[in-house]
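Listed below, chain by chain, are the residues.
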Amino acid sequence: MILFMRVEAQELLPLIPTLLAVADTEHVTEASHILGIPQPTVSRQIARASKVLGVEIVERHGRGISLTPAGRILIPYLQRVAVDLEAGLDAMSEHDARARGHISISFQNTLGEDLVPALVKQFRTDHPAVTFGLDQGARARCLDGLDDGRSDVAFVALSNEHTDSNSFQLYEERLVLVVPSDHRLAMRRSVNLSDTADENYVAMGHGFGMRSICDELWAEAGFTPTIAFEGQDIHTIRGFVGAGLGISILPRLRGHGPESVEIRIDNQTARRRIGMVWSQRTAASQVAAFRAMVVRIGRSLVVR
């Protein structure tokens, strides 16, 4: 700590830029131009350094100067101080960039209830000055925002295009068939989707991740369903099912009401993988720190 530095070292600290400039140029006038201070000031600071150290640091040769043997010994140490200080400033700037800045997140609607808030809350524990921009909507909208740079990361249902190089899976959830409580299938423990070929479905609209998954499941079951209603929110879809307006394929819902019943789907592919996706653009430091946190502890924050 500076309180325990030798008096000579404390007095020499403000003179380091001048001594380094003089050593580099071996000329007082050129050193004054580099430092942006008057030539007499440079001369006075050199004299002051010599007085502090009790030994001459430079010697004159006509219009120029050169380091004395004592000066040649000292200068490398002063250069090291300057390099270490620059490194410290760089580290501080990097920390400040992580501590501040802005992160844009896009996410599918259902992930805004618990997953995204939990991750943002955890990150702000260590980065309270970071601000967040939140954009929620259909899966296609989230991925488009990532592609065009509006979002730094996206939390969506993962597909085969998402690999370890551009995504991180947080969890996987089973999908269930949701039917009205008085439906003919309501007492079933499990169901094959082919048994629902003649039913009216309530489904998410095209562009939503759940619709893409449902389209694949219906195709595997060998039929094209009758879509009675299309919506943009899973809770709305479930409400329509509870009102007896159709059936649907949805993620399990903790604490769903008595109006509807969840039935296990026999098809093992009736699942969706939820995770974080990022682009190949170079990430700002605060974005990289957020991504690293999600990979490190994100799975432990998921309540399932």
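Rules of the game
Residues numbered from 1 in each chain as written. Predicted model: local features only at pLDDT ≥ 70, side-chain atom pairs only at ≥ 80, totals over all residues. Heavy atoms only, no water. Helix = DSSP H or I, 4+ residues; strand = E, 2+ residues; numbered from the N terminus. Rg over C-alpha atoms; globule rule 2.2 N^0.38 Å. Buried < 20%, exposed > 50% of the residue type's maximum accessible area, 1.4 Å probe, protein only. Contact = heavy atoms within 4.5 Å. Areas by Shrake-Rupley, 256 points an atom, 1.4 Å probe, with all protein chains shown as cover. Lys, Arg positive; Asp, Glu negative; His and termini not counted. Charge placed at Lys NZ, Arg CZ, Asp CG, Glu CD. Axes fitted to C-alpha atoms, helices over the stretch in contact; angles between N-to-C directions. Parallel < 35°, antiparallel > 145°, perpendicular 65-115°, else oblique. Nonpolar A, V, L, I, M, F, W, Y, C, P; charged D, E, K, R; others polar. Left-handed = near helix turned anticlockwise from the far one by under 90°. Phe/Tyr/Trp six-rings, centres within 6.5 Å; stacked < 30°, edge-to-face > 60°. Expected span 1.5 Å × (residues − 1). Bend = angle between axes of the 7 residues up to and from the residue.

*Asks:* If you had to explain the overall build of the chain to someone new, which residues and values would you point to?
*Replies:* Scanning the chain for helices and strands turns up ten helices and twelve strands. Here the chain has a C-alpha radius of gyration of 33 Å; the compact-globule value for 304 residues is 19 Å, and the former is much larger. If one aligns the C-alpha atoms of the chain with their principal axes, the spans along those axes are about 105 × 35 × 25 Å. Across the 304 residues of the chain, 42% fall into the buried class. The contacts of the chain with a sequence gap of at least 6 include a subset with a gap of at least 24, amounting to 72%. Roughly 16,700 Å² of accessible area belongs to the chain as shown, and the carbon and sulfur atoms make up 52% of that amount. Positive and negative side-chain charges in the chain, numbering 32 and 36 respectively, have mean positions lying 5 Å apart.

*Asks:* A description of the packing of helix α3 (residues 28-35) against helix α4 (residues 39-53) should follow, citing residues and the corresponding values.
*Replies:* Their axes nearest at 8 Å, the elements α3 and α4 cross at an angle of 105 degrees. With respect to each other, α3 and α4 are oriented roughly perpendicular. Between α3 and α4, the residues in contact are Val28, Thr29, Ala31, Ser32 and Leu35 and Gln39, Val42, Ser43 and Ile46, respectively. Looking at the contact of α3 with α4 residue by residue, the class counts come to five nonpolar, four polar and no charged.

*Asks:* Please provide a residue-by-residue account of the packing of helix α6 (residues 115-126) against helix α10 (residues 285-301), values included.
*Replies:* Each pair of packed helices can be summarised by the angle the axes make with each other and by the distance between the axes. The N-to-C vectors of α6 and α10 enclose an angle of 120 degrees; their axes lie 10 Å apart at closest approach. With respect to their mutual orientation, α6 and α10 come out oblique. The way α6 lies across α10 gives a crossing that is right-handed. Mapping the contact onto sequence places Ala118, Leu119, Gln122 and Phe123 in α6 and Gln286, Ala289, Phe290, Met293, Val294, Ile297, Gly298 and Leu301 in α10. Within the contact of α6 with α10, the residues separate by chemical class into nine nonpolar, three polar and no charged.

*Asks:* Could you give an account of the packing of aromatic side chains, with specific residues and numbers?
*Replies:* Overall, the coordinates contain six aromatic pairs when judged by the stated rule. Pairwise contacts between aromatic rings join Phe123, Phe132, Phe155 and Phe290 into one cluster.

*Asks:* Before we move on, could you go through α10 and cite the residues and values that matter?
*Replies:* Along its 17 residues, α10 runs 23 Å from first to last C-alpha, staying within 8% of the 24 Å computed at 1.5 Å per residue. Val295 marks the point of greatest bend in α10, at about 50 degrees. Looking only at α10, the buried set comprises Ser285, Gln286, Val287, Ala289, Phe290, Met293, Val294 and Gly298.

*Asks:* So what's going on with unusual backbone geometry? Which residues, and what values?
*Replies:* It is generally the case that most residues other than glycine have a negative phi and that most peptide bonds are trans. Here Glu26, not a glycine, exhibits a phi torsion of approximately 55 degrees, which is positive. Tracing the backbone through its elements, the reader meets Glu26 in the loop between α2 (16-25) and α3. Given the relative accessible area of 41%, Glu26 is considered partly exposed.

Any functional reading would require information that these geometric values do not contain.
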